[in-house]
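One-letter residues, chain by chain:
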Amino acid sequence: IEPMRAGLEMRVAAEDWKDAAIVAGNLAEMQAAAGDLAGALATAAAGVNHADRSKDSFQRMSKRTTHAWALHLLGRLDDARAAFAEAERMQAERQPEYPLLYSLRGAQYCDLLLDLGDAAGARDHATRTLPWAEKHGDLLGIALNHLTLGRAHAALGDAARARAQLDAAVTGLRAAGTLDHVPSGLLARADFLIAGDPERARRDLDEVLRIATRGGFVLHQCDAHLVSARLHVAAGDRDAARTALASARAIADRCNYRRRKRELEELETQAAP
């Protein structure tokens, strides 16, 4: 992180605003993965400023999605939605033939929609953008669209479609070769499988924790502990659930990871002695 921070400072000093925006976006993503959400938000906001000064239409749009994503992680859902909506308006202006946020940026927006309870909106968004990813051979985009569709179908009660889409998402994320995104697919599938196949859910969670621990993906570790707690509650093991929740709470409080605040509090109530 420190070499990238130094590189950002050099580009700002040189008034190379486009490269500064690119580096700021990458740095914000690294800070968030490591659990420094306050730093990620500040860097993402700076990235928006650099992008605006560059006057590059792609950077102006994309850095707003990075900022929106950081706001989402901090639990500022209304602010995140407004930032994503602004970015999507810019996207529609720069590529009228692709008027929605797509690939990773679209998946991040749909992630927020799902957290806001708009599963139908997320489903409709991914249904439109999946063919775009397929047309351009965007392996990550294809897999992330399947992930959105799997989570949306699960929320809407269509278990058969949800399982098929989540399996496709995990397979696709592995094929895309982006290890930092594989845990998201495994977590979603594990959460879905708690009721029907708890042993498979446990294996998916074990893999998430291995990847997240090796890679230093702190937020994925927190999410894995939360899903583990839900698995233990479903099995009637409240002691194990409280242990998992204590780990999740420690990370959430240390990082100010408020996206999962309501979920964490609900599980703590369910796991109480």
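Given the structure is predicted, the values throughout are model-derived calculations rather than measurements. (Residues numbered from 1 in each chain as written. Predicted model: local features only at pLDDT ≥ 70, side-chain atom pairs only at ≥ 80, totals over all residues. Heavy atoms only, no water.)

Student: What's the story with the pattern of salt bridges in this structure? I'm lost.
Tutor: Taken as a whole and assessed by the stated rule, the structure comprises 28 salt bridges. Asp-52 is paired through a salt bridge with Arg-60; the nearest N and O atoms lie 2.9 Å apart. In this structure Arg-60 comes out as partly exposed when scored by relative accessible area, which is 29%. Arg-64 is paired through a salt bridge with Asp-52; the nearest N and O atoms lie 2.9 Å apart. Within this pair, whereas Arg-64 is found in helix 4 (residues 57-73), its partner Asp-52 is found in helix 3 (residues 37-54), the two being separated by 12 residues in sequence. Salt bridges sharing common partners tie together Arg-163, Asp-167, Arg-189, Arg-200 and Asp-204. (Salt bridge = Lys/Arg side-chain N within 4 Å of Asp/Glu carboxyl O. Buried < 20%, exposed > 50% of the residue type's maximum accessible area, 1.4 Å probe, protein only. Helix = DSSP H or I, 4+ residues; strand = E, 2+ residues; numbered from the N terminus.)

Student: Looking at this structure, I do not really get the side chain of His-181. What am I missing?
Tutor: Counting through the fold element by element, His-181 comes out in the loop between helix 9 (159-176) and helix 10 (182-193). Among all residues touching His-181, those that are not within four sequence positions of it are Leu-104, Leu-140 and Leu-173. (Contact = heavy atoms within 4.5 Å.)

Student: What am I meant to see in the nonpolar core here?
Tutor: Across soluble globular proteins, nonpolar side chains have a tendency to be buried as a group. Counting residues in hydrophobic clusters, the biggest one holds 41 residues, and the most contacted among them are Leu-37, Leu-73, Phe-84, Leu-245 and Tyr-257. Of all the secondary-structure elements, those providing two or more residues to this core are helix 3, helix 4, helix 5 (77-94), helix 6 (103-115), helix 7 (119-135), helix 12 (218-235), helix 13 (238-255) and helix 14 (261-270). If near-sequence neighbours (up to four positions away) are discounted, Leu-73 is found in contact with Ala-32, Leu-37, Leu-219, Asn-256, Tyr-257, Arg-258 and Arg-259. Counting residues in hydrophobic clusters, the runner-up holds 25 residues, among them Val-170, Leu-187, Ala-201 and Ala-212. (Core = buried A, V, L, I, M, F, W, Y, C linked by side-chain atoms within 4.5 Å.)

Student: So what exactly am I meant to see when it comes to the environment of Ala-229 here?
Tutor: Position of Ala-229 among the secondary structure elements: in helix 12. For Ala-229, a relative accessible area of 0% translates into the label buried. With 39 residues separating them along the chain, Ala-229 and Glu-268 place their C-alpha atoms 8.9 Å apart.

Student: Is there a simple way to think about empty space enclosed by the protein in this case?
Tutor: A probe matching the size of a water molecule, rolled over the atoms, marks out where space remains unfilled. Inspection of every chain in the model, using the stated rule, returns 3 cavities of 30 Å³ or more. There is about 60 Å³ of room inside the largest cavity. Every residue lining the largest cavity is counted, 13 residues in all, and those nearest its centre are Ser-103, Gly-106, Ala-107, Thr-129 and Asn-145. Sorting the residues of the lining of the largest cavity by element identifies helix 6, helix 7 and helix 8 (139-155) as the ones contributing at least two each. Broken down by class, the residue content of the lining of the largest cavity amounts to 6 nonpolar, 7 polar and no charged. Of all the elements in the fold, those that place two or more residues in the lining of the second largest cavity are helix 4 and helix 5. Taken together, the residues of the lining of the second largest cavity sort by class into 4 nonpolar, 1 polar and 2 charged. (1 Å grid on protein atoms, 1.4 Å probe; cavity = no way out; pocket = protein on both sides within 12 Å on 5 of 7 lines; lining within 4 Å. Points joined across faces, edges and corners; volume = space filled by probe spheres on them. Nonpolar A, V, L, I, M, F, W, Y, C, P; charged D, E, K, R; others polar.)

Student: What should I look at first to understand the packing of helix 12 against helix 13 in this one?
Tutor: The relative placement of two packed helices is expressed as an angle between their axes plus a distance between the axes. Between helix 12 and helix 13, the shortest axis-to-axis distance is 8 Å and the interhelical angle comes to 155°. One way to sum up the angle between helix 12 and helix 13 is to call them roughly antiparallel. Crossing handedness for the pair helix 12 and helix 13: left-handed. Listed contacts from helix 13 to Val-218, Gln-221, Cys-222, His-225, Leu-226, Ser-228, Ala-229, His-232 and Val-233 of helix 12 are Ala-240, Ala-241, Ala-244, Leu-245, Ser-247, Ala-248, Ile-251, Ala-252, Arg-254 and Cys-255. Looking at the contact of helix 12 with helix 13, its residues break down into 13 nonpolar, 5 polar and 1 charged. (Axes fitted to C-alpha atoms, helices over the stretch in contact; angles between N-to-C directions. Parallel < 35°, antiparallel > 145°, perpendicular 65-115°, else oblique. Left-handed = near helix turned anticlockwise from the far one by under 90°.)

Nothing here speaks to function; it is geometry throughout.
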